[in-house]
Each structure stands twice: as C-alpha cells, then as structure tokens.
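As a plain string of letters, each chain reads:
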Amino acid sequence: MFITAHTSAALWISTRITDPILAFILGIASHFLFDMIPHGDESLADHVQGKKEKFKYFIRVALIDMILATILVYFFVSHGPIVDPYVLYPAVLGTWLPDIAWITIEYLKLSKLYWYIYFHSKVHNFFNWQYSIVYGVPFQIIVTLAVLKISF
Ligand SMILES: [Zn+2]
C-alpha cells in the first residue's frame, strides 16, 4: 500500500494508546496487516521497461507518496484530536519503516537481507489476488479516508 494509507493507521494508533514503543510496534504490525489486503498497486511500474528504470520509478512515486503522507501528518497535528507527538511520531515511523527497509535493502543490494524482501512480497501476495491500479488508487484513498474518519 502507499505510505499515505499506512500513515492513516499511525494516526489512528496515536489516538488509542499512550506508549511510544507500543505505538512503534503497532505501526509496523499495521503496515504488514494493510499490505496483506489486496490493494492494486502491484502493477504500478509495469509500463516501465528495465529493472533499474522500474526501481527509479518506484523511488519517484515513493517520494511523492511520502510528501503526501507528511502533509497528512501535518494536517492531523494541526486539525486533528490532541495526540502526544511522542506517540504519533514513533507510530508514523513504524508504519513507514517496512517500506523504507525494503527500498534501502534493494537500493544498497544488501543480499544478506533479501529474505526480508521475500517476506515483504509474500505478505503482499497473501491472498494472491491482484487487480489494476485504476481500482487500487481509489481503494487506497477510501481506506485512508475511512481510517482518518475513525481517528477524528
Ligand atoms: Zn509495504
């Protein structure tokens, strides 16, 4: 799922608990839980030729996604319920970390950690059901808005 959708889970977590370490752990757990849901972005870079070009494309999308997620956090901090930043930020970090780890391992070619990339892709394909990004993006926007709705 996009980082923005994962971030909505972090916002929700920060409204429910007060322990920063637990927030971080739940952030990570929510990431994998969200990734298990078929979310239609597996074919995101299918139109791009070449492994290196595909990866560059992913990085560009991830950067835009992280900017959107940061705006979402800012909006939540300025307009949302009062939450402890020492709980919110570890939760956000927890939801981002699994994808940051994946991109870092892939980018730096840390072959000893490739088991993690395998695990991450296994989680993604848990239900073995893929569909078009045309439905994936609206689905992820709905998930993000629904989680935000229960967070406010
Ligand atoms: Zn992920």
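Refer to the structure above for everything that follows.
Residues numbered from 1 in each chain as written. Predicted model: local features only at pLDDT ≥ 70, side-chain atom pairs only at ≥ 80, totals over all residues.

Before going further, it helps to examine the environment of alanine 9. By the secondary structure assignment, alanine 9 is in helix H1 (residues 3-14). Between the C-alpha atoms of alanine 9 and leucine 148, which are 139 residues apart in sequence, the distance is 8.0 Å. Among residues more than four places away in sequence, those in contact with alanine 9 are Ser30, Phe34, Thr95 and Val147. (Helix = DSSP H or I, 4+ residues; strand = E, 2+ residues; numbered from the N terminus. Contact = placed C-beta atoms within 7 Å.)

On to the packing of helix H4 (residues 85-107) against helix H5 (residues 114-124), then. At a closest axis distance of 9 Å, the pairing of H4 and H5 adopts a crossing angle of 130 degrees. Our classification of the angle between H4 and H5 gives oblique. In terms of crossing hand, the pair formed by H4 and H5 is left-handed. On H5, the residues touching Pro98, Ala101, Trp102, Ile105 and Glu106 of H4 are Tyr116, Ile117 and His120. Of the residues that constitute the contact of H4 with H5, the class distribution is 6 nonpolar, 1 polar and 1 charged. (Axes fitted to C-alpha atoms, helices over the stretch in contact; angles between N-to-C directions. Parallel < 35°, antiparallel > 145°, perpendicular 65-115°, else oblique. Left-handed = near helix turned anticlockwise from the far one by under 90°. Nonpolar A, V, L, I, M, F, W, Y, C, P; charged D, E, K, R; others polar.)

Moving on to the packing of H1 against helix H3 (residues 51-79). Two elements in contact, H1 and H3, have axes whose closest approach is 8 Å; the angle formed by their N-to-C orientations is 25 degrees. Classified by the angle their axes make, H1 and H3 are roughly parallel. For the crossing formed where H1 meets H3, the hand is right-handed. Every residue of H3 that contacts H1 at Ile3, Thr4, Thr7 and Leu11 is listed here: Ala62, Asp65, Met66, Leu68, Ala69, Leu72, Val73 and Phe76. Classifying every residue of the contact of H1 with H3 by side-chain character gives 9 nonpolar, 2 polar and 1 charged.

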